[in-house]
Amino acid sequence: MDEERVDLSGFTPWPGAAFEAAVRRVLRGASPTLESVLVRQGRAALVAVAVAAMLAWIPVWLARPSPRTVRAGELLSQWAATGERPTDVESFMGALND
């Protein structure tokens, strides 16, 4: 029996060198997408996102009342626990408006 080799190169999973060179030429000419830029500059993007998140929280941090500010609920709870009553209506209304 004659043993001729069968050419199975067309069935290989990896294309040839010419195909690889053509792919490289196309990729060099392609403009980078936002995703590829972020992947390449991942550390800088991560820092930028962290800074943006911190900047978004600044209004929340600034809106917190100072420890000296007495809230109406705290004042009413304190009066209820100690049995105190406000001496005048102005102090009571002032606490509710704060």
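Figured I'd write up the structure that's included with this text.

Thresholds applied
Residues numbered from 1 in each chain as written. Predicted model: local features only at pLDDT ≥ 70, side-chain atom pairs only at ≥ 80, totals over all residues. Heavy atoms only, no water. Helix = DSSP H or I, 4+ residues; strand = E, 2+ residues; numbered from the N terminus. Buried < 20%, exposed > 50% of the residue type's maximum accessible area, 1.4 Å probe, protein only. Areas by Shrake-Rupley, 256 points an atom, 1.4 Å probe, with all protein chains shown as cover. Expected span 1.5 Å × (residues − 1). Bend = angle between axes of the 7 residues up to and from the residue.

## What about the overall build of the protein chain?
Looking only at helices and strands, the protein chain features five helices and zero strands. Each helix and strand of the protein chain, placed in order from N terminus to C terminus, yields the pattern α-α-α-α-α. For the protein chain, buried positions account for 5% of its 98 residues. Total accessible area computed for the protein chain in this model is approximately 9300 Å², and 63% of it derives from carbon and sulfur atoms.

## Quick word on helix α1 (residues 17-29)
Between the first and last C-alpha of α1 there are 19 Å, a value that for 13 residues agrees with the 18 Å anticipated at 1.5 Å per step. A small share of α1 lies buried, amounting to zero of its 13 residues.

## A few points about helix α3 (residues 42-63)
Think of an α-helix as turning once every 3.6 residues; residues three or four places apart then point the same way. End to end, α3 covers 33 Å across 22 residues, agreeing with the expected 32 Å (1.5 Å per residue, within 8%). Of all the bends in α3, the greatest reaches close to 35 degrees and is centred on Trp57; the proline Pro59 follows between one and four positions later.

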